[in-house]
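Chain residues, written in single-letter form:
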Amino acid sequence: MSRIRVITLNAALGPLDYRLPHGMIAQPGSIVVAPLGPRQVIGVVWDDGSFPDTETVGDNRLRSLLSVVDVPPLPAPLRRLIEWTADYYCAPPAAVLRMAIASVSALEGARSVIEYRATGRDPLRNTPKRQQALDRIGERQGLVRELAMIGGVSDAVIRGLVKDGAIEGVEVSMDTPFADPDPAFAPVDLSPEQTAAADRLVELTRGQAFHPLLLDGVTGSGKTEVYFEAVAEAIRMGRQVVVLLPEIALTEPFLGRFAKRFGHEPVAWHSGLRQTERRRAWRAIANGTARVVVGARSALFLPYANLGLIIVDEAHETSFKQEDGVRYHARDVAVMRGKMEGCPVILASATPAIETRHQVALGRYEEIKLPARYGGAVMPEIIGVNLIETPPERGRWIAPPLVKAMEEALERGEQSLLFLNRRGYAPLTLCRHCGHRFQCPNCTAWMVEHRLTHRLACHHCGHVTPAPKECPECHADDSLVACGPGVERIADEAAALFPTARTAIVTSDTLWSPAKAAEFVRDVTGGAIDIIIGTQLVTKGYHFPNLTLVGVIDADLGLEGGDLRASERTFQQIVQVSGRAGRGEKPGRVFIQTHMPDAPVLKALLSGDSARFYATETEGRRIAHAPPFGRFAAIIVSDVDAQEAKNSAHRIGNAKPTVDGVEIYGPAPAPLAVLRGRHRHRILIHARRQIDVQTMIRDWLGQVEWKASTRVAVDVDPYSFV
Ligand code: ADP
Ligand code: ZN
């Protein structure tokens, strides 16, 4: 009798036992179809002895597996990673497993689709639209919908062209292999410092052993070129590589850069992929033919057949922390995956997180430094603008010293970047007459005005309303005022100051797809933009040689609300955005506008003494037993019903354990008291490093019951405290 244990993709269920029917072959990791009540579910065969505490069903009541899916079994290192992630982040194994399976269509047998391409024949009847479509499509091939998009025409135009013989359908396998990147395609000549760093990375890649390493290089030092050498080595060895980037918007420029070096693009993996693309990528990753994968954090859980190198670029970015579902930190899980796989993990950053620096200090991570920019480019000059001494004009936000610097840059034909981490036009709209403020009906948050789209929007839940014409409260005319600036307002100000300058706003509202991001890069590189106004999205990764001026509109913004990482985050953000200035031959300047030039973080930025800043911050964390010296975890209780949320939170609070070295605060209403219509309460756990908080939390929550409408989320190593 062969009994096997299966984890299904249903997060509400624990591991289940099934009978393996005679003649069916399955092993740990095999993806299977299993009966569940009247339905069928997908699951993965798990190792014997895992999850020993699950209830077992008597042999006579076992149901038989229905089939084994014809894809490679999930490899053992991935199964260990799934167990570790579920355990560490207090998440259901099924929820983690879902990130590994990630494409149900990938589990279906070989399939093909009909794609279309130009035949080279002229259509029987031509029209300007048809000609435009054919011109733009050129040699490209795709589904009707995709060609319509490329051609800038409707689907009907493409179908008309098919009927007329100018475009034809071809059957393509959905699993066309990806072209192999060529390590010898276009290697670059590295500087002596870069060579030394690259040699070490290549050596580690050859070694194929777990080895975490911090590649700590100033902005523009060539970290990417350096780790590309390790990527090349992994390709030569026939191993797979995954490169994690913090934002989808960055993948597009990265693909191009990679193709220049290796002749072909890597395989992209992110939430923006179409279903057929996901399927193709997943299958190629699982059978080992996808050599290099670049993607957002979700690429970390894919079933690589023979992973040989993991790279986390911009490793300090907080967007690697997932804030819903399984609340994991991709940087930390990446290191753990390297450990399970037995391969090196490279964390690249110009502003490594204190947690990462601490691992270096403990000797657990190796560190390689690149202290100088490549090619003689110098670090930009940093200039403080004291907003109390030289304030901007009334109702404006760009102070005179920065205005003057922008003028000079424009005169020289150079580009400027204004940084303000606020989307939209104004963060708050109020009625001057009665004081009414526009609030989101679903969240404890103000509605943010977006003039470009004539709307008010909530940045927490996405609720939008048309821009109001009058106050809904007192109906006074012309009484609404926008309070404070967002990037759109700064763009208006820049346009008023420099009417002939060409501006571009860069936020997640304007760069919402990889294609938009690519267009932006083309425009800036091609010199079609003079002034960029952007949020944190523009602080990362971009390399624009003619950009010589950076203006930080409000350096104090990130310090408001002050969670434990506020200063560090401000420091990182401003160093990163400064790093966009003067990357080419022309030197750069950075103007930092602040009301608090004496705040330690601003002093550090202005003096360039980052070592001292980090030493003080780290010491502060040590004294407070904050991470990395102690641990935090949060329990977030939410319900659509306010009373029920409170009751559940208090029931959990009343059951809190007393453990030496652990303090438990709350429950208390969350600062973001209502989010997406759910009332929220938080409990914060602060523990000494050596304490097993996960087991403590699981035991604690295991004793308490709450209504089905209540959600209880555990956030281990939280980054958000709202
Ligand atoms: P970082 O990631 O450290 O900010 P990048 O790898 O983006 O730096 O390099 C900055 C710029 O310098 C890029 O345009 C890169 O192509 C160029 N660069 C760096 N090193 C070299 C090199 N050895 N040869 C040619 N170009 C280089
Ligand atoms: Zn909202």
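Residues numbered from 1 in each chain as written. Chains lettered and ligands numbered in written order. Predicted model: local features only at pLDDT ≥ 70, side-chain atom pairs only at ≥ 80, totals over all residues. Heavy atoms only, no water.

Visitor: With reference to specific residues and values, describe the site of ligand 1.
Guide: Near ligand 1 lie 15 residues; those nearest to it are Asp189, Gly220, Lys223, Glu225 and Arg257. At a separation of 3.3 Å, an oxygen atom of ligand 1 approaches a polar backbone atom of Ser221. Between Lys223 and ligand 1, the recorded distance is 2.8 Å, taken from a side-chain N or O atom to an oxygen atom. In the complex, the protein chains occlude 81% of the 550 Å² of accessible area that ligand 1 would expose alone. Looking at the shell around ligand 1 element by element, the count peaks at three residues for helix H7 (residues 223-236). (Near = heavy atom within 4 Å. Polar contact = N/O pair within 3.5 Å; in protein donor to acceptor, adjacent residues only side chain to side chain. Areas by Shrake-Rupley, 256 points an atom, 1.4 Å probe, with all protein chains shown as cover. Helix = DSSP H or I, 4+ residues; strand = E, 2+ residues; numbered from the N terminus.)

Visitor: Go over the pattern of salt bridges with me, naming the residues and quoting the values.
Guide: In this structure the tally under the stated criterion is 33 salt bridges. Among the ionic pairs, Glu366 bridges to Arg200, the shortest N-O distance being 2.8 Å. Remark: Arg200 occurs in helix H6 (residues 192-207) and Glu366 occurs in strand S15 (residues 366-370); sequence separation between them is 166 residues. In this structure Arg200 comes out as partly exposed when scored by relative accessible area, which is 24%. Residues joined in a network through salt bridges with shared partners are Asp47, Arg79, Arg80 and Glu83. (Salt bridge = Lys/Arg side-chain N within 4 Å of Asp/Glu carboxyl O. Buried < 20%, exposed > 50% of the residue type's maximum accessible area, 1.4 Å probe, protein only.)

Visitor: So what's going on with the layout of surface pockets? Residues and values would help.
Guide: Empty space within the second largest pocket amounts to approximately 2,000 Å³. As for the second largest pocket, its lining consists of 40 residues, of which Glu146, Glu252, Glu265, Arg274 and Glu277 are closest to the centre. Within the residue set of the lining of the second largest pocket, elements represented by two or more residues are strand S6 (112-118), strand S7 (141-142), helix H4 (144-151), strand S8 (167-173), helix H8 (248-262), strand S11 (267-269), helix H9 (275-287) and helix H14 (514-525). For the lining of the second largest pocket, the leading source of residues is H14, giving six residues. Grouping the constituent residues of the lining of the second largest pocket by class yields 18 nonpolar, 10 polar and 12 charged. (1 Å grid on protein atoms, 1.4 Å probe; cavity = no way out; pocket = protein on both sides within 12 Å on 5 of 7 lines; lining within 4 Å. Points joined across faces, edges and corners; volume = space filled by probe spheres on them. Nonpolar A, V, L, I, M, F, W, Y, C, P; charged D, E, K, R; others polar.)

Visitor: Tell me about the coordination of the zinc ion (ligand 2), residues and numbers included.
Guide: Every protein donor of the zinc ion (ligand 2) is accounted for by Cys440 (SG), Cys443 (SG), Cys458 (SG) and Cys461 (SG), and the metal-donor separations fall at 2.3 Å. Coordination geometry of the zinc ion (ligand 2): the four donor atoms subtend angles of 103 to 116° at the metal centre, consistent with an arrangement described as tetrahedral. Each donor residue of the zinc ion (ligand 2) lies on one chain, and together they are spaced C-x2-C-x14-C-x2-C. Given a relative accessible area of 2%, Cys458 falls into the buried group. Here Cys461 falls in the partly exposed class, since its relative accessible area comes to 25%. (Donors = N, O, S within 2.8 Å, 3.2 Å for Na, K, Ca; no water. Tetrahedral: all angles 85-135°; square planar, octahedral: opposite > 155°, others 65-115°.)

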